[in-house]
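Chain by chain, the residues run as shown.
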Amino acid sequence: TTTGEDAAILILDLRDPSGSKVIPLYQPTTQTGVRDHTVVGVDALDWDANSEMVIYDSFNRVLQGDGSSLEYWNVNLLRPDGEIIIPLLPPQPVGFQFGNPDFASTSGRYIVFDYFDQWTQQNSIVLYDLSNGSSSILATTDSRPAHPRFSPDDEEIAYEFTGTDGSPSVARLS
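Note that the structure is a prediction, hence the values are computed from the model and not measured.

**Some remarks on the pairing of strand S5 (residues 39–47)**
Then step 1. Where S5 and strand S6 (residues 54–63) come together, six bridges link them in antiparallel fashion. Paired with Gly41 across the two strands is Phe59, which belongs to S6.
Then step 2. Hairpin connection of S5 to S6: six residues between the antiparallel strands, including Ser51 at a positive phi of 55 degrees.

Shown next, in the form of structure tokens:
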């Protein structure tokens with residue numbers, strides 16, 4: 001990722017540098033052949049256990065008729081071989097955003113991510129099952145992103161939170 005606005009992911013092939021490529025990002029739509037070019041940049045990304053899919057969050061900006069912008073975060077799946085992008089969830093209501101995704105380390109079935117509710121100023125850590133589309137809230141934190149991550153054996157999920165003294169802390173879920 002980069003600190004600037006860049007609506008692309010660079011895939012580096014370390015064995016065969018000629019196989020490296022830049023994949024321009026877009027938001028998928030339900031209309032065949034139509035791509036929504038609202039992606040401004042990417043923050044967090046992760047490969048699945050088989051190195052076939054990339055999950056990433058993207059910051060999006062949609063210009064409104066009055067000149068203002070609607071800005072939001074969401075999560076997509078990318079199959080680099082075909083440059084196919086699939087949204088993890090359908091579009092969310094205004095004020096709800098999700099990001100910081102992480103694939104389970106031992107299988108591509110589970111994903112964990114932050115889900116932020118602007119109206120309550122609460123962030124939830126969500127576990128999502130790609131096989132059946134079910135999800136569950138594992139924990140609720142303050143308004144800061146928790147950046148949840150699976151342990152190497154998937155037995156735990158670590159995340160960040162603000163301690164009672166205001167200092168950043170790390171917690172684990174089993």
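After that view of the structure, there is still more to cover.
**Comments concerning the sheet that holds strand S9 (residues 96–103)**
Then step 1. Pairing within the open sheet is antiparallel, and its four strands lie in the order S9-S10-S11-S12. Pairing within the sheet leaves two strands with one partner each, and these edge strands are S9 and strand S12 (135–141). Across the sheet, the axes of successive neighbouring strands diverge by a mean angle of 25 degrees, strand direction being ignored.
Then step 2. Examined bridge by bridge, S9 and strand S10 (residues 110–117) share six bridges and lie antiparallel to one another. By the bridge assignment for S10, Phe98 is matched with Tyr115.

Scoring rules and cut-offs
- Residues numbered from 1 in each chain as written.
- Predicted model: local features only at pLDDT ≥ 70, side-chain atom pairs only at ≥ 80, totals over all residues.
- Heavy atoms only, no water.
- Pairing = 2+ DSSP bridges.
- Helix = DSSP H or I, 4+ residues; strand = E, 2+ residues; numbered from the N terminus.
- Axes fitted to C-alpha atoms, helices over the stretch in contact; angles between N-to-C directions.

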